[in-house]
Amino acid sequence: MNKKTEEIEIRTLLKTLTTKEKIGQLMQLAPFFFIHDLEVEVAGPLRELNLDADKIYLSGSILGVGSPEEMIRVQKKYLERSRHKIPLLFMADVIHGYKTIFPVPIALGATFHPELAELTARISAREASTSGIHVTFSPMADLARDPRWGRVVEGFGEDPYLTGTMAASMVKGYQKGGINQDDALASCIKHFAGYGASEAGRDYNTVDLSRIALFSDYLEPYKRALDAGARLVMTSFNTLDRIPATINPFLLRTVLREKWNSGAVTISDYDSLGQVKAHGVAHDDREIAKKGLTAGLDIEMASSSYINHLEELIQTNEVDESLLDEAVLRVLQLKKDIGLFENPYKGANPNKHQSIVLSKEHLDLSYRVAKESAVLLENDGILPLSNDVSIALVGPYANNKSVIGPWSWHGKRDLHNSLYDVLKDRVSFTHTSADIEDYSKEDKAKLQTASIVVLALGEPDYFSGEAHSRSDISLPDHQDDFFQAIRSINPNTVVILFNGRPLLLNQVKESRALLECFFLGSMSSEVIKDILYGIVNPSGKLPISFPRAVGQIPLYYNHLNTGRPYHVENKSNEYVSKYMDVVNTPLYPFGYGLSYTQFFYDNLTISNEILCPDETLHVSVNLTNIGQVKGQEVVQLYLRDHVARVSRPIQELKRFQKIELQSNETKMIHFYLTISDLQYSMEDGEMVYDQGLFTVMVGSSSTDYLETTFTLKESHK
Ligand code: BGC
């Protein structure tokens, strides 16, 4: 059937609906509204939303169904009662796995391995779709430069290119083969837009971004996810230009529809349309409904202004019915593309669910991704451990299963092993307290005689995620003091860290080895064990800078130069952009991470010293593994545009490749850049370039690289 015929059918269907039924298609509620017997009592949340059973049964979609049985029950009950029989669409948050849990997104970002991101999304879709879920609210493409913000854990860090690459890969993975496939999910990119720039890192807080920062940094990842085919866009809780994103016509019409020409279905975040009142931008739900639809918001999640007010607004000609029709057509088209009209129970399959969730293949993938997600921050050679050393395993995460990370609502903590479970054969002493006072004299003696102390520290998984911002990002519960106490008993201390955000690691940096794990998912403990013993060689790189002090935040590698940049080598640095009490640099920079082997870079070569806009710049570098063991390196290419019509960042990641080399092996690595890599965005979103000097940096992190220069010129004359 060609596209045209499809559209006509959807339009015909639309004509059969009453205005109220059309509005219903834009309402999204949680499944419990349908499971409870509505006829008995209209109470609680129903009353708050001013909904009755008739309105509920007009809903177009459902948020957060829990199992195939539940989906089938809800859909059946709905279709029996519905006049038009248009099936419900089921959406849910499948963020880093469904039952098989993968590393949290920030850890996935640390892999710098887009193919793995695609595979995790693929497997997440395979598992979640058996529950009858059709849409996932993932990936989150919000750029995050403030580690106080709890939702740092849900994104891929501070860089637009890395975030965009990973987000686009996840979209491809979820939607592989087409969203009508039984084992695919449609992807909803979120939170549009600028949510990661919440002031002071406090969740839901005001965002005040210049248009140029918005276009050049924040919008790129959403755009790349949409270019990869994401079918939905969720708005964010924040304001932008003092207008809530959920009713922001600049975002929803000018950028999304006009500039990007996107037909994606837009959906509010949880009650974010209702919250427009709290933002002080509407008097009541009626005005909210008008502003929402007019701005271009299609589906309203978990609030009820559309269903309660749009019909009247249309009758009084305050809202044009064509706006409603456009929005409903997008929703119906999505339902059709998913295949709901052929099979309202699409995907839901209790038997398949039982047989594939947590299968060996899925857990193996979780292991593979976790292997590449952990970042080795320090190692003086103590790691890897030899098999015969005696280890003392201590600290709050020594025997803790709650380390699969936030947003793993179907992940069962008890199914997975703790560190102690996997290490017990090698552990001579264990204790889970983080207070040295709880350790007896005998305990301390055991700590002292152990060859190595493995100290499992971190913040609980509920310390990060939505509404979980922190003003103090040091290790909680005096764990720094605990670390120092342990270290004074036994200096051979290796620290394993669990956390959802960059923490202040100035103290634990002094350990003999420091392994940043974030939250690694179902196979976390197995992977950590294999890293400790050298079966796995760590290859993760930081997708976000780790500051030295909260006062440095926001701190990110791709900043502008300022008029008075600080130069480390310049002693008379008084009137420069700096702090009096801390250096400008992060403790650990973007792109940084160690390996059990060493990589050597040489022979950085570029094809053109003078480059014209229609030419391709070929960059090559030799990479050699000069260590004793096989390893993977993330070769990173950064650019600096020295003079432009606006001030440009001191470096920007433009390409990366993850390369595996045997000991003593050398490979020439090639990159190709074109004019689109040299362009940048102006405040209206227009992409421009300027002639002049560029520096190319290629290396193992944002601070460790070889460099060379070329000049961009209109012609060779
Ligand atoms: C979160 C979204 C999520 C939605 C639906 C909201 O509170 O901000 O990220 O997708 O709930 O669960």
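Residues numbered from 1 in each chain as written. Predicted model: local features only at pLDDT ≥ 70, side-chain atom pairs only at ≥ 80, totals over all residues. Heavy atoms only, no water.

Participant: Please explain the overall build of the protein chain as it appears in this structure.
Facilitator: A count of helical and extended segments in the protein chain gives 21 helices and 26 strands. Rg of the C-alpha trace for the protein chain: 27 Å, near the compact-globule value of 27 Å for 717 residues, within the 12% margin. Expressed as lengths along the three principal axes of its C-alpha atoms, the size of the protein chain is roughly 75 × 75 × 50 Å. Of all 717 residues assigned to the protein chain, the portion counted as buried reaches 61%. Charge-centre separation for the protein chain: the mean point of 73 positive side chains lies 3 Å from the mean point of 93 negative side chains. (Helix = DSSP H or I, 4+ residues; strand = E, 2+ residues; numbered from the N terminus. Rg over C-alpha atoms; globule rule 2.2 N^0.38 Å. Buried < 20%, exposed > 50% of the residue type's maximum accessible area, 1.4 Å probe, protein only. Lys, Arg positive; Asp, Glu negative; His and termini not counted. Charge placed at Lys NZ, Arg CZ, Asp CG, Glu CD.)

Participant: Sorry if this is basic, but what is going on with the side chain of Arg501 here?
Facilitator: In this fold, Arg501 is placed in the loop between β15 (493-498) and β16 (513-516). Arg501 sits in the buried class, given a relative accessible area of 0%. Reaching out from Arg501, the side chain makes a polar contact with the backbone oxygen of Pro147 at a distance of 2.6 Å. One polar contact links Arg501 to Glu459, side chain to side chain, over a distance of 2.9 Å. Residue contacts for Arg501: discarding those within four places in its chain leaves Pro147, Arg148, Trp149, Gly150, Val152, Glu459, Phe463, Ser464, His468, Ser469, Arg470 and Ile473. (Polar contact = N/O pair within 3.5 Å; in protein donor to acceptor, adjacent residues only side chain to side chain. Contact = heavy atoms within 4.5 Å.)

Participant: In this structure, what is going on with the site of the ligand? I would like to understand it.
Facilitator: Surveying the vicinity of the ligand reveals 13 residues, the closest of which are Asp93, Arg151, His191, Asp269 and Glu466. A distance of 2.4 Å separates an oxygen atom of the ligand from a polar side-chain atom of Asp93. Take His191: an N or O atom from its side chain is 2.7 Å from an oxygen atom of the ligand. Protein chains bury 93% of the 310 Å² of accessible surface belonging to the ligand in isolation. Counted by class, the shell around the ligand contains seven nonpolar, one polar and five charged residues. (Near = heavy atom within 4 Å. Areas by Shrake-Rupley, 256 points an atom, 1.4 Å probe, with all protein chains shown as cover. Nonpolar A, V, L, I, M, F, W, Y, C, P; charged D, E, K, R; others polar.)

Participant: Whenever I open this one, the sheet that holds strand β22 (residues 666-673) confuses me. Can you help?
Facilitator: What holds strands together in a sheet is hydrogen bonding between their backbones, with the strands either parallel or antiparallel. Reading across from one edge, β17-β19-β22 is the order of the three strands in this open sheet, with antiparallel pairing throughout. Either end of the sheet is taken by a strand with one partner, and the two such strands are β17 (599-606) and β22. Strand-to-strand, the axes of this sheet are offset by a mean angle of 20°, without reference to chain direction. (Pairing = 2+ DSSP bridges. Axes fitted to C-alpha atoms, helices over the stretch in contact; angles between N-to-C directions.)

Participant: Would you mind going over the packing of aromatic side chains with me for this structure?
Facilitator: Think of a pair of aromatic rings as described by two things: how far the centres are apart, and how the planes are tilted against each other in angle. In this structure the tally under the stated criterion is 18 aromatic pairs. Relative to Phe498, the ring of Tyr397 lies with its centre 5.7 Å away and its plane at 50°, an arrangement referred to as tilted. Of the two residues, Tyr397 sits in the loop between β12 (391-394) and α17 (419-423) while Phe498 sits in strand β15, which places them 101 residues apart along the sequence. Phe498 matches Tyr397 in its accessibility class, with the two residues each being buried. (Phe/Tyr/Trp six-rings, centres within 6.5 Å; stacked < 30°, edge-to-face > 60°.)

Participant: How should the sheet that holds strand β21 (residues 652-661) be read in this particular structure?
Facilitator: The five strands are arranged β18-β26-β25-β20-β21 in an open sheet whose pairing can be described as mixed. Strands at the two margins of the open sheet, each flanked by one partner only, are β18 (610-611) and β21. Across nine bridges, strand β25 (residues 692-701) lies against strand β26 (residues 704-712) in antiparallel orientation. Bridged to Ser701 within β26 is Asp704.

Participant: How do you make sense of the packing of helix α8 (residues 114-129) against helix α16 (residues 360-373) when you look at a structure like this?
Facilitator: Packed helix pairs are characterised by how far apart their axes lie and by the angle those axes make with each other. Look at α8 against α16: their axes get within 10 Å of each other, and the N-to-C directions meet at 150°. Here α8 is positioned roughly antiparallel relative to α16, judged by the angle of their axes. Judged by the sense of rotation from one axis to the other, the crossing of α8 with α16 is left-handed. The segment α8 lies against α16, with Leu116, Leu119, Thr120, Ile123, Arg126 and Glu127 engaging Glu361, His362, Leu365, Arg368, Val369 and Glu372. Partitioning the contact of α8 with α16 into residue classes produces five nonpolar, two polar and five charged. (Parallel < 35°, antiparallel > 145°, perpendicular 65-115°, else oblique. Left-handed = near helix turned anticlockwise from the far one by under 90°.)

Participant: I would appreciate a short explanation of the confidence of the model for the protein chain in the present structure.
Facilitator: It should be kept in mind that the predicted coordinates are not to be read in detail where pLDDT is low. On average, the protein chain scores 95 in pLDDT, and the residues at 70 or more come to 97%. Contacts from residues 38-43, a stretch scored under 50 in pLDDT, to residues over four places away or in other chains number 11 contacts. (pLDDT = per-residue confidence, 0-100.)

Participant: Looking at this structure, I do not really get the packing of helix α12 (residues 285-295) against helix α13 (residues 305-315). What am I missing?
Facilitator: Between α12 and α13, the shortest axis-to-axis distance is 8 Å and the interhelical angle comes to 80°. As the angle between them shows, α12 and α13 are arranged roughly perpendicular. Contacts from Asp285, Arg286, Ile288, Ala289, Lys290, Gly292 and Leu293 of α12 reach α13 at Ser305, Tyr306, His309, Leu310, Glu312 and Leu313. For the contact of α12 with α13, the per-class residue count stands at six nonpolar, three polar and four charged.

Participant: Could you clarify how one ought to interpret helix α10 (residues 211-227) in this entry?
Facilitator: Residue Leu219 marks the point of greatest curvature in α10, where the axis turns by about 55°; the proline Pro221 follows within four residues. All buried positions along α10 are accounted for by Ala213, Leu214, Phe215, Asp217, Tyr218, Leu219, Pro221, Tyr222, Ala225 and Leu226. Contacts made by the buried residues of α10 are with α9 (160-174), β5 (186-192), β6 (232-235), β7 (239-240), α11 (249-259) and β23 (680-681). Trailing α10 by a residue or two, Gly229 shows a phi angle of about 110°, which is positive. (Bend = angle between axes of the 7 residues up to and from the residue.)

Participant: Would you take a moment to explain the nonpolar core for this structure?
Facilitator: The tendency in soluble globular proteins is for nonpolar side chains to be buried as a group. Residues Ile189, Phe192, Leu219, Leu293, Tyr306 and Leu653 are the most contacted members of the largest nonpolar core, which totals 123 residues. Broken down by element, this core gets its largest block of residues, nine residues, from helix α14 (residues 321-338). Leu653 has contacts with Phe112, Asp159, Tyr161, Leu162, Tyr557, Phe590, Gln636, Leu637 and Tyr638, leaving out every residue within four places of it along the chain. (Core = buried A, V, L, I, M, F, W, Y, C linked by side-chain atoms within 4.5 Å.)

Participant: Honestly, the pattern of salt bridges in this entry has me stumped. Any pointers?
Facilitator: Side-chain pairing between opposite charges can occur once the charged atoms of the two side chains come close. This structure, assessed with the given rule, holds 38 salt bridges. Salt-bridge contacts for Lys20 lead to Glu311; the nearest nitrogen and oxygen are separated by 3.2 Å. One end of the pair, Lys20, is in helix α2 (residues 19-24); the other, Glu311, is in helix α13, with 291 residues separating them in the sequence. Among the residues examined, Lys20 registers a relative accessible area of 26% and is labelled partly exposed. Judged by relative accessible area, Glu311 falls into the partly exposed class, the value being 24%. Of the charged contacts in the structure, one is a salt bridge between Glu154 and Arg151, with a shortest N-O distance of 2.6 Å. For the pair formed by Glu154 and Arg151, the shared burial category is buried. Salt bridges linked by common partners bring Lys22, Glu321 and Asp325 together as one network. (Salt bridge = Lys/Arg side-chain N within 4 Å of Asp/Glu carboxyl O.)

Participant: Any chance you could explain the side chain of Ser595 here in plain terms?
Facilitator: For Ser595, the location among the structural elements is in the loop between α20 (524-532) and β17. Residue classification places Ser595 among the buried positions, given a relative accessible area of 16%. Looking at Ser595, its side chain comes within polar contact range of the side chain of Asn537, at 3.2 Å. If we skip the residues at most four places from it in the chain, Ser595 touches Leu376, Asn537 and Pro538.

Participant: I'm lost on α11 in this one. Help?
Facilitator: Along an α-helix, residues three or four apart share an orientation, since each turn contains 3.6 residues. By the burial criterion, the buried members of α11 are Phe250, Leu251, Leu252, Val255, Leu256 and Arg257. Between the side-chain oxygen at the start of α11 and the backbone nitrogen of Phe250 there is a gap of 3.0 Å, and the oxygen is on Asn248. Positive phi appears at Asn261, one or two residues downstream of α11, with a value of about 55°.

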